[in-house]
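Each chain, written out:
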Amino acid sequence: MDRAGFDMTLVGDSAAMVVHGQDTTLPMTLHDMITHCQAVKRGTKRTFVVGDLPFGSYETSANHALESAIRLVKEGGVDAVKLEGGCDARVLTVKTIVSAGIAVVGHLGLTPQAIGVLGGFKPQGRTATSALEIFKAALKLQEAGCFAIVLECVPKEVADSITSALHIPTIGIGAGSGTSGQVLVFHDLLGFLQHPHHAKVSPKFCKQYARVGENIQSALAKFINEVGTHQFPDERFTPYTLEADELELFKDRLAKAGFS
């Protein structure tokens with residue numbers, strides 16, 4: 001992604017699902033996120049890296065959130081953190097983190113860490129009342145100091161209105177084409193996931209730009225077949241040999257030891 005020219009790379013807690021096989025993002029820990037962020041940061045030179053604050057790392061208090069954000073920056077090496085929600089407590093949390101000198105991305109609409117309250121992975125803002133709540137929350141997050149806001153699974157009209165009203169960028173995911181930028185989960189975009197476990201959560205808004213998973217599955221099957229039929233490894237992939245005199249000495253010593 002760095003070499004492809006992405007402006008920003010989000011290390012998301014969605015890794016719980018697409019890397020670790022969980023059903024939701026909730027099991028991801030701060031320690032897990034730090035490890036993933038470190039790995040991504042080592043692979044980048046130019047892209048701006050944002051790390052998700054996982055569920056349980058910022059809800060208790062603004063100070064708790066600040067401690068988690070500091071760890072994600074100091075240990076994970078990220079350039080900014082992202083957190084979900086737009087309630088008053090979350091707005092205070094954003095203010096606290098930003099006041100400490102850490103850049104923050106907000107996240108509204110479908111907030112995966114709150115699926116227990118939302119009733120699952122469902123689109124949000126589909127009534128005038130809920131759409132207005134998201135709109136107002138976006139304004140509050142901007143005022144609190146967020147430098148960008150992710151809008152997930154909301155109607156295009158809602159995302160367009162928010163984008164027009166804000167002076168900070170909006171990043172859409174399932175929110176239409178009117179946002180300032182777009183984000184997709186890496187594994188979804190590239191068609192990595194073949195396991196039935198992921199079929200039930202395959203997002204409707206995701207365009208697959210490749211089918212990497214099928215290529216991987218095919219390659220693994222071919223490997224198994226070639227090993228079973230002794231086609232691999234052939235001489236091309238057997239590079240290490242003994243010099244002729246060393247080979248003769250080896251055989252001689254084996255014979256003297258009683259091995260043929």
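What comes next is a walk through the structure. (Residues numbered from 1 in each chain as written. Predicted model: local features only at pLDDT ≥ 70, side-chain atom pairs only at ≥ 80, totals over all residues. Heavy atoms only, no water.)

**Observations regarding the layout of surface pockets**
Then, number 1: Roughly 490 Å³ of internal volume is contained in the second largest pocket.
Then, number 2: If you trace the second largest pocket, you find 23 residues lining it, with Gly85, Gly86, Cys87, Gly109 and Thr111 closest to the centre.
Then, number 3: The biggest single contributor to the lining of the second largest pocket is helix α6 (residues 128-144), with six residues.
Then, number 4: Residues belonging to the lining of the second largest pocket are distributed by class as follows: nine nonpolar, eight polar and six charged. (1 Å grid on protein atoms, 1.4 Å probe; cavity = no way out; pocket = protein on both sides within 12 Å on 5 of 7 lines; lining within 4 Å. Points joined across faces, edges and corners; volume = space filled by probe spheres on them. Helix = DSSP H or I, 4+ residues; strand = E, 2+ residues; numbered from the N terminus. Nonpolar A, V, L, I, M, F, W, Y, C, P; charged D, E, K, R; others polar.)

**Focus: the environment of cysteine 87**
Then, number 1: By the element assignment, cysteine 87 lies in the loop between β3 (80-82) and α4 (88-99).
Then, number 2: You can call cysteine 87 partly exposed: its relative accessible area is 40%.
Then, number 3: Taking the C-alpha atoms as reference, cysteine 87 lies 22 Å from methionine 28; in sequence the two are 59 residues apart. (Buried < 20%, exposed > 50% of the residue type's maximum accessible area, 1.4 Å probe, protein only.)

**Section: the packing of α4 against α6**
Then, number 1: Where α4 contacts α6, the two axes come as close as 8 Å, and the packing angle between them is 20°. Comparing the axis directions of α4 and α6 gives the class roughly parallel. Crossing geometry of α4 relative to α6 is assigned as right-handed. Only Lys140, Leu141 and Ala144 of α6 make contact with α4, whose side of the interface consists of Asp88, Val91, Val94, Lys95 and Val98.
Then, number 2: Of the residues assigned to the contact of α4 with α6, the class counts are five nonpolar, no polar and three charged. (Axes fitted to C-alpha atoms, helices over the stretch in contact; angles between N-to-C directions. Parallel < 35°, antiparallel > 145°, perpendicular 65-115°, else oblique. Left-handed = near helix turned anticlockwise from the far one by under 90°. Contact = heavy atoms within 4.5 Å.)

**What about the packing of aromatic side chains?**
Each aromatic ring pair is described using two quantities: the centre-to-centre distance and the angle formed by the ring planes.
Then, number 1: In total, this model carries four aromatic pairs according to the counting rule given.
Then, number 2: Measuring from centroid to centroid gives 5.7 Å for phenylalanine 232 and phenylalanine 237, while their planes differ by 50°, and the two rings are tilted.
Then, number 3: Taken together through their ring pairs, the aromatic side chains of Phe223, Phe232 and Phe237 make up a single cluster. (Phe/Tyr/Trp six-rings, centres within 6.5 Å; stacked < 30°, edge-to-face > 60°.)

**Thoughts on the pattern of salt bridges**
Then, number 1: Under the definition given, this model contains eight salt bridges.
Then, number 2: Note that arginine 71 and glutamate 75 form a salt bridge whose closest N and O atoms lie 2.8 Å from each other.
Then, number 3: The exposure class of arginine 71 is partly exposed, given its relative accessible area of 34%.
Then, number 4: On the basis of relative accessible area, glutamate 75 is assigned to the partly exposed category, the value being 36%.
Then, number 5: When the shortest N-O distance is used, the salt bridge between glutamate 214 and arginine 211 registers 2.8 Å.
Then, number 6: For glutamate 214, a relative accessible area of 38% translates into the label partly exposed. (Salt bridge = Lys/Arg side-chain N within 4 Å of Asp/Glu carboxyl O.)

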